[in-house]
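One letter stands for each residue in the lines below.
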Amino acid sequence: MSVSNTEFQGAEDIERERRRAQNVRGLTPRFRILIIGRANAGKTTILQQVCNTTEQPKIFNWEGDEIDLSELNPTAKIMQI
Ligand SMILES: Nc1nc2c(ncn2[C@@H]2O[C@H](COP(=O)(O)OP(=O)(O)OP(=O)(O)O)[C@@H](O)[C@H]2O)c(=O)[nH]1
Ligand SMILES: [Mg+2]
């Protein structure tokens, strides 16, 4: 396979994936990304990279109210559940 053929297939792949992403966005305006990891593993950094931001993530409850991050601090009691 020549280099130019590889590049051409790459462009086709990108276009196919772009159309697929458009279809998915048409099906669901919202989606979820689950990032799991130990403390200080780099979860927030990954989320910031995906969202192309340096802002700290905001957290909301089911009612749509922002949650104070200090409410989410792990405790020994929670870890024992
Ligand atoms: N060397 C290195 N450091 C990283 C990488 N990703 C993140 N860090 C650093 O690791 C530290 C923790 O990153 P965070 O993204 O805050 O980790 P976290 O999992 O969200 O941490 P918690 O929310 O406290 O559990 C920060 O100082 C980052 O700059 C990486 O890929 N390589
Ligand atoms: Mg974090």
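Treat the numbers as computed from the prediction; the structure is a model and nothing was measured.

Criteria and cut-off values
- Starting from 1, residues in each chain are numbered consecutively following that chain's sequence as written.
- Lettering of chains starts at A and numbering of ligands starts at 1, both following the order in which they are written.
- This being a predicted model, a pLDDT of at least 70 is required before a residue's local features are given, and a value of 80 or more before pairs of side-chain atoms are given or counted; all residues contribute to the totals for chains, interfaces and linings.
- Being near a molecule or strand means, for a residue, that its C-beta atom, positioned from the backbone, comes within 6 Å of it.
- Note on residue classes: Ala, Val, Leu, Ile, Met, Phe, Trp, Tyr, Cys and Pro are nonpolar, Asp, Glu, Lys and Arg are charged, and everything else, Gly too, is polar.
- The helix count covers DSSP runs of H or I at least four residues long, the strand count covers runs of E at least two residues long, and both are numbered beginning at the N terminus.
- We call two residues in contact whenever the C-beta atoms placed from their backbones are within 7 Å.

Engineer: Honestly, the site of ligand 1 in this entry has me stumped. Any pointers?
Structural biologist: In the vicinity of ligand 1, the contacting residues are Gly37, Ala39, Asn40, Ala41, Gly42, Lys43, Thr44 and Thr45. Partitioned by chemical class, the residues of the shell around ligand 1 number two nonpolar, five polar and one charged.

Engineer: Looking at this structure, I do not really get unusual backbone geometry. What am I missing?
Structural biologist: The general pattern is negative phi for most residues beyond glycine and trans for most peptide bonds. If you check the backbone angles, Asn40 has positive phi at about 70 degrees while not being a glycine. Structurally, Asn40 can be placed in the loop between α1 (3-27) and α2 (43-51). Despite not being glycine, Asn52 shows a phi value in the positive range, around 55 degrees. Among the structural elements, Asn52 can be located in the loop between α2 and α3 (76-80).

Engineer: What should I look at first to understand the environment of Ile67 in this one?
Structural biologist: Within the fold, Ile67 resides in the loop between α2 and α3. In this structure, Ile67 is in contact with Ile59, Phe60, Asn61 and Leu72, ignoring residues within four places of it in sequence.

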